[in-house]
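An overview of the molecular structure
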Amino acid sequence: MPGFEFFGEEERKEVNDVLETGILMRYGFDGPRKGIWKSKELEQAICSKFGSEYAQLTSSGTAALTTAMAALGIGAGDEVIMPAFTFVASFEAVLSMGAVPVLVDIDSSLTLAPDAVKAAITSKTKCVMPVHMCGSMADLDALKAICAEHKLILLEDACQSIGGTYKGKALGTIGDAGTFSFDFVKTITCGEGGVVMTNNKEVYIKADAFTDHGHDHLGVDRGADLHPFLGYNFRISELHAAVGVAQIKKLDTFLALQKRNNHILKSYMEQVPGISFRTVPDPSGDSYSFLSWFLPSQEATEKAIEAMKTAGILAGNFYWFANNWHYIRKWDHLKTAKSLYALSDVQQKALTTLQTNTFAKSDAIMSRCISTAISLTWTEEQVHEKGAKCLAVIKEALS
Ligand SMILES: *Cc1c(COP(=O)(O)O)cnc(C)c1O
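Residues numbered from 1 in each chain as written. Predicted model: local features only at pLDDT ≥ 70, side-chain atom pairs only at ≥ 80, totals over all residues. Heavy atoms only, no water.

**Some remarks on the sheet that holds strand E12 (residues 317-318)**
In plain terms, the rule: When DSSP finds at least two bridges between two strands, those strands are taken to pair. Here a helix means four or more residues in a row that DSSP labels H or I, a strand means two or more in a row labelled E, and each is numbered from the N terminus. The contact definition used throughout considers only heavy atoms, calling two residues in contact when any of these lie within 4.5 Å. Lines are fitted to the C-alpha atoms to define the axes, a helix being fitted only along its stretch in contact, and any angle between axes, read from their N-to-C directions, falls within 0 to 180 degrees.
Read across the open sheet, the 4 strands follow the order E10-E11-E13-E12; overall the sheet is antiparallel. The two strands at the open ends of the sheet, each matched to only one other strand, are strand E10 (276-277) and E12. In the sheet, E12 pairs with strand E13 (residues 369-373) via 2 bridges, with the strands oriented antiparallel. From the neighbouring strand, Asn317 faces E13, where its bridge partner is Thr372. Along the sheet, helix H9 (residues 251-269) makes contact with E10, strand E11 (290-294) and E13, crossing E11 at roughly 20 degrees.

Rendered as structure tokens:
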């Protein structure tokens, strides 16, 4: 699953190119950098690999989401519909824009339930943000139709599904904009980093300036740039981009390993009585970074977890229902609006309302779901061993 498992000579060589010149910044210093432009190189590689017209690197995936929202004009009081199962970064980005996260149910795809999205639309809704969790995708045709009907922006949080596709198109390139994260545990990594992808030139130009204090990057040098609007510093450094330049060349290898290991593991897990698997709207587009499966009841799932723990094979298996970072149930800091700085009244109210909202449909799914992270380093033999052991332990626990 994470690219850091294959950190080697190639990454060191790219980083060294930057260390040789000492120009760690992505802009300017044209002479001393001696033709080394790692950030530009990575942006071009992203465009050609994923079929996006434009790509703007950022300092993190969270910064990429924030930048995308700014470039799409999402701001104070706008409602962004997002899933109750995601990583905290998704709502952090919404809040940082002054916008309001509207959390709704997921379905067995582990992503936004289209019906729940429809039911949540109000006159304040500006954007629908599906999160392609655990390597696979939301029902993008259904969400696109909803967005078209209600004139809403579609922003894909594809941070966890690098290399996944939907009907032949890369996840993250299908909405008005999409983002990847290159943090340390993602499919490819820069150490820290992220990217905004879009096919809309205007959105790209805004993203480019927004991530660099509003610089229009049209001056003869940095000092001559104008500032057509306010921005922030969400720049990636050349050192981080250099790691990404090496990693993106390995992506096809990573995806092939994920697919192989995922298939082997699944061949064992499907023998567990009563097991079912996550719905994948386009099965050929799964990036296979996780195998997500459901047992028939919460009780059976908790039993399986206990048994796996006792057998010492729980590592790499995520029971998100009980996890602090990924599911609404444990987001107490969000539900109590514990912010270091004053949130707007609208935000404050929306967050505290979450305390009384119920997510029965999501609970019914998440309480039975375990996601197994697929390692790139497992040999075929090791996956067979893991699969057989896991099958035996769970069968025994449920018998
Ligand atoms: C990793 C991730 C992000 C962004 O995280 P950063 O650590 O800021 O790069 C956003 N959304 C999801 C779903 C993620 O998994």
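**Re the site of the ligand**
The condition that has to hold: Only a single heavy atom is needed: when it lies within 4 Å of a molecule or strand, its residue is near that molecule or strand. Throughout this description, a polar contact denotes any pair of N or O atoms lying within 3.5 Å of each other; where both atoms belong to protein, one of them has to be capable of donating a hydrogen while the other can accept it, and for residues adjacent in sequence the pair is counted only when both atoms sit in side chains. Any residue outside Ala, Val, Leu, Ile, Met, Phe, Trp, Tyr, Cys, Pro, Asp, Glu, Lys and Arg is labelled polar, Gly included; the first ten of those are nonpolar and the last four are charged.
Around the ligand sit 13 residues, and of these Gly61, Thr62, Ser181, Asp183 and Lys186 come closest. Gln160 places a side-chain nitrogen or oxygen 2.9 Å from an oxygen atom of the ligand. Between Ser181 and the ligand, the recorded distance is 2.6 Å, taken from a side-chain N or O atom to an oxygen atom. Looking at the shell around the ligand, its residues break down into 4 nonpolar, 6 polar and 3 charged.

**As for the pattern of salt bridges**
Inclusion rule: Each salt bridge in this description consists of a side-chain nitrogen of Lys or Arg and a carboxyl oxygen of Asp or Glu lying within 4 Å of one another.
Inspection of every chain in the model, using the stated rule, returns 18 salt bridges. Put simply, Lys38 and Glu41 hold a salt bridge, and the shortest N to O gap is 3.9 Å. Residue Lys38 and its partner Glu41 are both found in helix H2 (residues 38-50); the two are separated by 3 residues, about one turn of the helix. For Arg222, the salt bridge identified is with Asp212, shortest N-O distance 2.8 Å. One end of the pair, Arg222, is in the loop between helix H7 (201-210) and helix H8 (238-248); the other, Asp212, is in the loop between H7 and H8, with 10 residues separating them in the sequence.

**A closer look at the pairing of strand E3 (residues 100-104)**
Applicable threshold: Note on classification: 1.4 Å probe, protein chains only; a residue is buried when its accessible area is under 20% of the maximum for its type, exposed when over 50%, partly exposed between these limits. By definition, the crossover connecting two strands over a helix is right-handed if that path, from the first strand to the second, turns clockwise as seen with the strands pointing away from the viewer.
Here E3 lies mainly inside the structure; 5 of its 5 residues are buried. Once the chain exits strand E2 (residues 79-83) it traverses helix H4 (residues 89-96) before rejoining the sheet at E3, and the crossover so formed is right-handed.

**Section: the sheet that holds strand E1 (residues 54-58)**
Strand order in the open sheet made by the 7 strands is E1-E9-E8-E5-E4-E2-E3, with mixed pairing throughout. Since the sheet does not close on itself, it has two edges, and those belong to E1 and E3, each with one partner. Within the sheet, the average angular offset between the axes of one strand and its neighbour, ignoring direction, is 25 degrees. Examined bridge by bridge, strand E4 (residues 125-128) and strand E5 (residues 153-157) share 2 bridges and lie parallel to one another. For Cys127, the partnering residue across the bridge sits in E5 and is Ile153.

**Topic: the environment of Ala311**
Mapped onto the fold, Ala311 is located in the loop between helix H10 (298-310) and E12. Owing to a relative accessible area of 28%, Ala311 belongs among the partly exposed residues under this scheme. C-alpha of Ala311 to C-alpha of Lys151: the two residues are 160 residues apart in sequence and 52 Å apart in space. Non-local contacts of Ala311, meaning those with residues more than four positions away in its chain, are made with Lys389 and Val393.

**Some thoughts on the environment of Leu24**
Tracing the sequence through the fold places Leu24 in the loop between helix H1 (9-21) and H2. Counting along the chain gives 338 residues from Leu24 to Ser362, while the straight-line C-alpha distance between them is 45 Å. Once you skip the residues sitting within four places of it in the chain, Leu24 turns out to touch Val18, Ser237, Glu238 and Leu239.

**Thoughts on a nonpolar patch on the surface**
Definition in use: Exposure above 30% relative accessible area and no salt bridge define the residues that can form patches, which grow by joining like charges within 9 Å and nonpolar side chains of Val, Leu, Ile, Met, Phe, Trp and Tyr within 5 Å. The protein chains shown are the only cover counted for residues, whose accessible areas, like all others here, come from Shrake-Rupley with a 1.4 Å probe.
On the surface, Phe4, Phe184 and Val185 cluster together to form a nonpolar patch covering roughly 260 Å² of accessible area. Tracing the sequence through the fold places Val185 in the loop between strand E8 (177-181) and strand E9 (194-198). You can call Val185 partly exposed: its relative accessible area is 41%.

**Structural notes on the layout of surface pockets**
The condition that has to hold: Both site types are read off a 1 Å grid over the protein atoms alone. A 1.4 Å probe that fits but cannot get out defines a cavity, while an open set with protein on both sides within 12 Å along at least five of seven lines defines a pocket; lining residues have an atom within 4 Å of a point. Grid points are joined across faces, edges and corners, and a volume is the space filled by probe spheres set on the points.
The calculated volume of the largest pocket comes to roughly 480 Å³. Taken together, 23 residues form the lining of the largest pocket, with Arg26, Tyr27, Trp37, Lys40 and His217 sitting closest to its centre. The set of elements that each furnish at least two residues to the lining of the largest pocket consists of H2, E1 and H7. Among the elements that make up the lining of the largest pocket, the one with the highest residue count is H2 (4 residues). Its residues assigned to classes, the lining of the largest pocket comprises 8 nonpolar, 5 polar and 10 charged.

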